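One-letter residues, chain by chain:
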Amino acid sequence: MGVLEKIAEIESEMARTQKNKATSAHLGLLKARLAKLRRELIDPKGGGGGKAGEGFDVAKTGDARIGFVGFPSVGKSTLLSNLAGVYSEVAAYEFTTLTTVPGVIKYKGAKVQLLDLPGIIEGAKDGKGRGKQVIAVARTCSLIFIVLDVLKPLGHKRLIEHELEGFGIRLNKEPPNIHFRKKDKGGINFQPAVPQSELDGDLVKQILAEYKIHNADILVRYDASADDLIDVIEGNRVYIPCIFLLNKIDQISIEELDIIYKIPHCVPISAHHKWNFDDLLEKMWEYLDLVRIYTKPKGQLPDYEAPVVLDHRHSSIEDFCNKLHKSLIKEFKYALVWGSSVKHQPQKVGKEHVLQDEDVVQIVKRV
């Protein structure tokens, strides 16, 4: 029996099984088997699936990358070209055989690359087409835009979420707060810091046994699910923020629009009429969570025109130096910082100092 048949069989068995306390161990085991099969499909032994990245070698440019996902005819192409046309500083950009890069838009001093990911909803999760290459690109995105038709949003939303979940992409989720460490002996040591509604010692042991792990420490700091534990064991999940763009709002009433505005992570737009692009870009900026740092050469005013843009998780002085030039950190003596990350203006800091948005930095080199 092939991998796809095994996946279909397990999914069918899970659908037939009633969810209750008595079946949770059995379902947990099935979920672990399913995760292992999916991993085999995404990354088959021996490479498989064509040359790595064939047709999808999209060079990463700019400060962040946004992947656009959506079914045909939801207005994705219109949105891409209108956004790139309105906010792009590069009118014509490169095209690849399978993926279009319509442009790099410039917003609040940051350059953001927009990517169309067409194959991601065409059964790629089940190994069809060039799914593996599409996944590789999707997993490198800083943010995902899921474009939905406002007249049938929820059905499409569920399908796309399911497809991305199958790739190991977790949307708008934090990594599970579970400490997991394999060891050589001592058996399974399961320590829940809070009461668990799904996980217990037996279920944890069964899931780990499926991965041939018989000695490990597991510390769970919140009420976790079997899926959370499996994600931690698999260790290859990516956690990406996502905004759902409900397109074609020109076709609905004001009352319906008011309801849509209350849905989490959603922005209603009209790609065709370029309605609500300001809201979309503000939300994009919020979800990208970028940090702009201005450079100040000695004896000169800061350069407010071309900020150095960093990811908020990697925004130390060392990250700043590396973004400017790899050799700079070797000559680094200290930095002078003006802005909200310091108490004094300026303040002398070392390479570990974490910067905040719109700080000004002057690097002092060793003589």
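What comes next concerns the included structure. (Residues numbered from 1 in each chain as written. Predicted model: local features only at pLDDT ≥ 70, side-chain atom pairs only at ≥ 80, totals over all residues. Heavy atoms only, no water.)

### Comments concerning the layout of surface pockets
For the largest pocket, the calculated volume is near 960 Å³. As for the largest pocket, its lining consists of 39 residues, of which K31, L34, E165, R170 and D227 are closest to the centre. Of all the secondary-structure elements, those providing two or more residues to the lining of the largest pocket are α1 (3–16), α2 (24–42), α5 (153–166) and α7 (226–234). Along the lines of polarity and charge, the residues of the lining of the largest pocket split into 14 nonpolar, eight polar and 17 charged. When its volume is computed, the second largest pocket comes out at roughly 780 Å³. (1 Å grid on protein atoms, 1.4 Å probe; cavity = no way out; pocket = protein on both sides within 12 Å on 5 of 7 lines; lining within 4 Å. Points joined across faces, edges and corners; volume = space filled by probe spheres on them. Helix = DSSP H or I, 4+ residues; strand = E, 2+ residues; numbered from the N terminus. Nonpolar A, V, L, I, M, F, W, Y, C, P; charged D, E, K, R; others polar.)

### Considerations on helix α10 (residues 317–324)
Along α10, the residues that are buried comprise I317, F320 and C321. End-on view of α10: buried residues confined to an arc of 100 degrees, all on one side of the axis. Along its buried surface, α10 packs onto β12 (290–295), β13 (303–311), β14 (332–338), β15 (347–349) and β16 (359–365). (Buried < 20%, exposed > 50% of the residue type's maximum accessible area, 1.4 Å probe, protein only. Arc of directions from axis to C-beta. Contact = heavy atoms within 4.5 Å.)

### Some remarks on the state of the cysteines
Throughout the structure, instances matching the rule amount to zero disulfides. Of all cysteine sulfurs in the structure, the one in C266 sits closest to C242, which takes part in no disulfide; the separation is 8.7 Å. Under the relative-accessibility criterion, C242 is labelled buried at 0%. (Disulfide = S-S within 2.5 Å.)

### Thoughts on the sheet that holds strand β7 (residues 188–192)
Pairing in this open sheet of three strands is mixed, and the strands run β6-β8-β7 from one edge to the other. At either end of the open sheet lies a strand with only one pairing partner, and these are β6 (178–182) and β7. Between one strand and the next, the sheet's axes are offset by a mean angle of 5 degrees, whatever the strand orientation. Relative to strand β8 (residues 216–220), β6 runs antiparallel, the two being bridged by five bridges. The partner of K182 across the bridge, within β8, is A216. Taken strand by strand, helix α6 (residues 201–210) contacts β6, β7 and β8, and its axis lies near 130 degrees from that of β7. (Pairing = 2+ DSSP bridges. Axes fitted to C-alpha atoms, helices over the stretch in contact; angles between N-to-C directions.)

Read these as geometric descriptors, not functional statements.
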